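# Residue-level structural notes
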Amino acid sequence: MDRLKTTRNVAIVALIAAAVYLLPSGGQAASTFEALLYIGFGVAIGYLGLRFYLENRVALNGLGDRYRGLLYGALAGGVLMWMSRVRMWQTGVGELLWFVLVGGIVYALVVVVRRWRAY
């Protein structure tokens, strides 16, 4: 039974791939679907961040302004470094700077976690 199900799923994926390849505007439809998937993942990550914040609101406020700002800055810096990695890795200096900044972000997160576990 599992083989039949697997074969059916592979056939469905092959059919979709053939449609994208053979239809005149298949590439554009695939790009639109990809954009919708990215939007869905972005919304899901935002929702998970909101849930995490709501569940740990007291602990985050207990960190104090300095460490909370350090945490939020490190998270924003991590997103920025993730988005800029391809462009920064095009030169040697950019790659070195990228690793230095990521190291600083990791250090900031370690400082915040150590402060959080101190209580």
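Everything here concerns the structure above.
Reading guide: rules and limits
- Throughout this description, residue numbers start from 1 for each chain and increase along the sequence as written.
- Where local features are concerned, this predicted model is filtered to residues with pLDDT of at least 70; where side-chain atom pairs are given and counted, the filter is 80 or more; whole-chain, interface and lining totals use all residues.
- The basis for the side-chain values is all heavy atoms of the structure; hydrogens and waters are excluded.
- Secondary structure counts use DSSP, requiring at least four H or I residues in a row for a helix and at least two E residues in a row for a strand, with both numbered from the N terminus.
- A helix is expected to span 1.5 Å multiplied by its residue count minus one.
- Burial status follows relative accessibility: with a 1.4 Å probe on protein chains alone, a residue under 20% of its type maximum counts as buried, one over 50% as exposed, and anything between as partly exposed.
- The criterion used for residue contact is that any of the two residues' heavy atoms lie within 4.5 Å.
- Each polar contact in these results corresponds to two N or O atoms within 3.5 Å; when the atoms are within protein, one needs to be able to donate a hydrogen and the other to accept it, and residues that are neighboring in sequence are counted only if both atoms are side-chain atoms.
- What makes a patch is a set of residues exposed beyond 30% relative accessible area and free of salt bridges, joined within 9 Å when like-charged and within 5 Å when nonpolar (Val, Leu, Ile, Met, Phe, Trp, Tyr).
- Here, Shrake-Rupley sampling with a 1.4 Å probe gives the accessible areas, and only protein chains in the shown set may cover a residue.
- The salt bridge criterion pairs a side-chain nitrogen of Lys or Arg with a carboxyl oxygen of Asp or Glu, the two atoms within 4 Å.
- Only centres within 6.5 Å qualify two rings of Phe, Tyr or Trp (six-membered ring in Trp) as a pair; their planes then separate them into stacked at under 30 degrees, edge-to-face at over 60, and tilted for everything else.
- Remark: a charge is flagged as sitting over a ring if the NZ atom of Lys or the CZ atom of Arg is within 6 Å of the ring centre and within 35 degrees of the ring normal.
- Definition used in this section: a nonpolar core is a set of buried Ala, Val, Leu, Ile, Met, Phe, Trp, Tyr and Cys residues joined via side-chain atoms within 4.5 Å.

## Remarks on helix α5 (residues 92–117)
With 26 residues, α5 should reach 38 Å at 1.5 Å per residue; the first-to-last C-alpha distance of 38 Å fits that figure. Taken as a whole, α5 has its buried residues at Gly94, Trp98, Ile105, Ala108 and Val112. The inward-facing, buried residues of α5 abut α4 (65–88). The opening residue of α5 is Thr91, an N-cap whose side-chain oxygen sits 3.1 Å from the backbone nitrogen of Gly94.

## Re a nonpolar patch on the surface
A contiguous nonpolar patch, built from Tyr47, Leu48, Leu50, Tyr53, Leu54, Tyr72 and Leu75 and spanning about 700 Å² of accessible area, is present on the exposed surface. Going through the elements one at a time, α2 (26–55) and α4 are the ones with two or more residues in the nonpolar patch. On the secondary structure map, Leu50 appears in helix α2.

## So, the side chain of Arg68
The topology assignment puts Arg68 in helix α4. Not counting the four nearest positions on each side in its chain, Arg68 is found in contact with Leu60, Asn61 and Leu63.

## Considering the packing of aromatic side chains
For any pair of aromatic rings, the description consists of the separation of the ring centres together with the inter-plane angle of the planes. Counted by the stated rule, this structure contains 3 aromatic pairs. Judged by centre distance (6.3 Å) and plane angle (15 degrees), the rings of Trp89 and Phe99 are stacked. With Trp89 in the loop between α4 and α5 and Phe99 in helix α5, the pair connects residues that are 10 residues apart, well separated along the chain. Across the ring face of Tyr67, the terminal group of Arg66 is positioned such that the distance to the ring centre comes to 5.5 Å.

## As for the nonpolar core
One recurring pattern in soluble globular proteins: nonpolar side chains tend to sit buried together. In terms of nonpolar packing, the biggest core is built from 6 residues, these being Ala74, Met81, Met88, Trp98, Ile105 and Ala108. Mapped onto this core, the elements with two or more residues apiece are α4 and α5. Residues in contact with Ala74, not counting those within four places in the same chain, are Ile105, Ala108 and Leu109. Membership of the second largest hydrophobic core comes to 5 residues, among which are Leu63, Tyr67, Leu71 and Val112.

## Some remarks on the pattern of salt bridges
Across all of its chains, the model carries 2 salt bridges by this definition. Residues Glu55 and Arg51 are paired through a salt bridge, measuring 2.9 Å at the closest nitrogen-oxygen approach. Here Glu55 and its partner Arg51 are both found in helix α2, 4 residues apart, which amounts to about one turn of the helix. Residue classification places Arg51 among the partly exposed positions, given a relative accessible area of 39%. Between Arg68 and Asp65 there is a salt bridge; the shortest N-O distance is 2.6 Å.

Everything listed is a geometric property; what it means functionally is a separate question.
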